[in-house]
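# Structural characterization, general
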Amino acid sequence: MFEMFEYDFMQRAFLAGVLIATLASISGTFIVLKRYSMMSETLAHSALVGVAVGLVAGFNPLWMAVVVAVLSAWMIEYLRSTFALYSDAILSILLSGSLAVAIIIVSLGGAFNNSLFSYLFGSILSVSQADILTIVGFGSVALLLLLLFSKELYFIAYDEEVAKTSGIKVTLLNYLLVSVVAIIIALSIRVVGSLLIGALMVIPTVAALQFRVGFLKTVLISLFIALGSVIVGMTLSYYYSLPSGATIVLCVIAIFILSLSLNKR
Amino acid sequence: MSLSFKVPIFDVKNINFSAASQHILSNVSLEIFNGEYIAIIGPNGGGKTTLARILLGLTQPTSGEVKLYGKKLKAFKNWEKIGYVPQRASHVDENFPATVEDIVKMGVTSKHSFFSILSKEEKQRIEESMLKMDVLDLKEKMVGKLSGGQRQRAMIARALASKPEILILDEPNTGVDMVSQKRFYALLRKLNKEENITILFITHDVGVIADDISRLFTVNQKITICNSPKETLSCDEMSALYGIETHSIHQHKHHEH
């Protein structure tokens, strides 16, 4: 079983996978509790615009994805707080709009090739040393911010208005959360792909919620599920030559179904 | 009243609020002083909740001014002095991953700007708040699994954990049985009398707390302030304004005696 670790690319793939699973599941808890699940899908598509710009202009696509996803997250948060009634419509407009812009940029730049394809569906086996460094660098900042403000973010997710009347800087922390999520999503699309990252962010938490336990335990179960799915998914993908992102997502869905049946009311 | 020389906790002057070209609040002025127990009653849609939201800065009035401890709301910083339990508190999402203790801990969150590790004093305060509201035994229990009365007490325990000087409660009795309600009123009375916590209680059922409250505000677009509620509660003016409530007041009174 451990022969796969003889290859450098598999070691990198596992390292990237474990980092992304950790980041996606912890941030995913806040996203699900705040009912922002759809936002993760939209940001994943906005990140593709950054990838497209990077590919065409010759910049690091992952860095560009981070920049565009964060800008897009700020725009979504602004529109969400200003036009609360139409927030789901805003997300769906931005989602398809970003994908369209990404495709146009890449096709005008003559680069509509495997590169973009690998960001759509994830290509964990082609994760480079530089990618790992980018994920570790941005990922540690994102994780640190989440841990620093976890109590405040949890309170806001529970009741935004009560949090506000307790003196918590709700608007600022909402922007902080969406920025952190945008960074994590942009980093993840290399591993699971922009079409699939939403699943890794949302499903482990939804599965963990089925156990009906307190906050800390929910975060830990969600983390455990995400790590388990990534490790099992990548192992299966190695031995059966399956696409890694899709295999990981099917694993997390299988665990979700299992947790549903384990916790049947 | 003898308290008038003090700086009021809330000083509200000429508040007006309109939404969708409808007048919700009209020229509302009031003062709330330390140690008072005030009930706000009024018909549904009369503007009670809007008034509470304006006091807390959650809704901006069309005109007028709210001062909290002598400061304009935007400049006010000591929000830990305010404990707010909104109307929807008893309708918490059943799947929200929170034990009673998780919820009560939120009460001390505002004190932290970085790493939320609790001090010994804060841990003690959390325990004390749970003890005061009779939910210490339930601290491991999920809020989704609590009864209406237990949930209500957990929410107040959360508000108490920040050591508030004033509690603002917006009809926290929805879905709570009569026995739990009585227990709850007794706890509120104790907080007000023994710990000098000012209470602003929005309710549709003022009869049961008639003996506890110091003043009564009736809100129906305009505000009427009754300084001696025990007399006012039985007066004809109240009957004319709030027929149903006054009727229920007499019923409760009748049951109690």
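See the structure printed just above.
The structure presented is a predicted model; accordingly, all values stated were derived computationally and were not measured.

## With respect to the nonpolar core
In this structure, Phe-10, Leu-25, Met-133, Leu-167, Ile-168, Leu-169 and Phe-201 of chain B are the most contacted members of the largest nonpolar core, which totals 158 residues. Top contributing element to this core by residue count: helix α1 (residues 8–33) of chain A, with 13 residues. Every residue in contact with Phe-10 of chain B, bar those within four places of it in the chain, is listed here: Leu-30, Glu-31, Ile-32, Leu-55, Val-66, Lys-67, Leu-68, Ile-166 and Ile-168 of chain B. With 7 residues, the next largest nonpolar core counts Leu-196, Ile-203, Val-249 and Val-252 of chain A among its residues.

## Observations regarding the packing of aromatic side chains
Taken as a whole, this structure holds 14 aromatic pairs over all chains when the rule is applied. Ring geometry for Trp-63 of chain A versus Phe-138 of chain A: centroids 5.2 Å apart, planes at 75°, classification edge-to-face. In this pair, Trp-63 of chain A sits in helix α3 (residues 61–82) while Phe-138 of chain A sits in helix α6 (residues 129–148), placing the two residues 75 residues apart along the sequence. What makes Trp-63 of chain A partly exposed here is its relative accessible area of 47%. What makes Phe-138 of chain A partly exposed here is its relative accessible area of 21%. Judged by centre distance (5.6 Å) and plane angle (25°), the ring pair of Tyr-154 of chain A and Phe-96 of chain B falls under stacked. Highlighted residues: Tyr-154 of chain A in helix α7 (residues 150–158) and Phe-96 of chain B in the loop between β6 (82–85) and α2 (100–106), drawn from two different chains. Taking relative accessible area as the criterion, Tyr-154 of chain A reaches 4% and is therefore assigned buried. Overall, Phe-96 of chain B belongs to the buried group, its relative accessible area being 4%. Joined through ring pairs, the aromatic side chains of Phe-30, Tyr-154, Tyr-158 and Phe-215 of chain A together with Phe-96 of chain B make up one cluster. Lying over the aromatic face of Tyr-69 of chain B, Lys-81 of chain B brings its terminal NZ or CZ to 4.5 Å of the ring centre.

## Considerations on the environment of Leu-188 of chain B
Residues and elements named next belong to chain B. Here Leu-188 lies in helix α5 (residues 178–194). For Leu-188, a relative accessible area of 0% puts it in the buried group. Contacts of Leu-188, omitting those with residues within four sequence positions, involve Tyr-37, Leu-169, Ile-199 and Phe-201.

What counts and what doesn't
- Residues numbered from 1 in each chain as written.
- Chains lettered and ligands numbered in written order.
- Predicted model: local features only at pLDDT ≥ 70, side-chain atom pairs only at ≥ 80, totals over all residues.
- Heavy atoms only, no water.
- Core = buried A, V, L, I, M, F, W, Y, C linked by side-chain atoms within 4.5 Å.
- Buried < 20%, exposed > 50% of the residue type's maximum accessible area, 1.4 Å probe, protein only.
- Helix = DSSP H or I, 4+ residues; strand = E, 2+ residues; numbered from the N terminus.
- Contact = heavy atoms within 4.5 Å.
- Phe/Tyr/Trp six-rings, centres within 6.5 Å; stacked < 30°, edge-to-face > 60°.
- Lys NZ or Arg CZ within 6 Å of the ring centre and 35° of its normal.

Any functional reading would require information beyond the geometric quantities listed.
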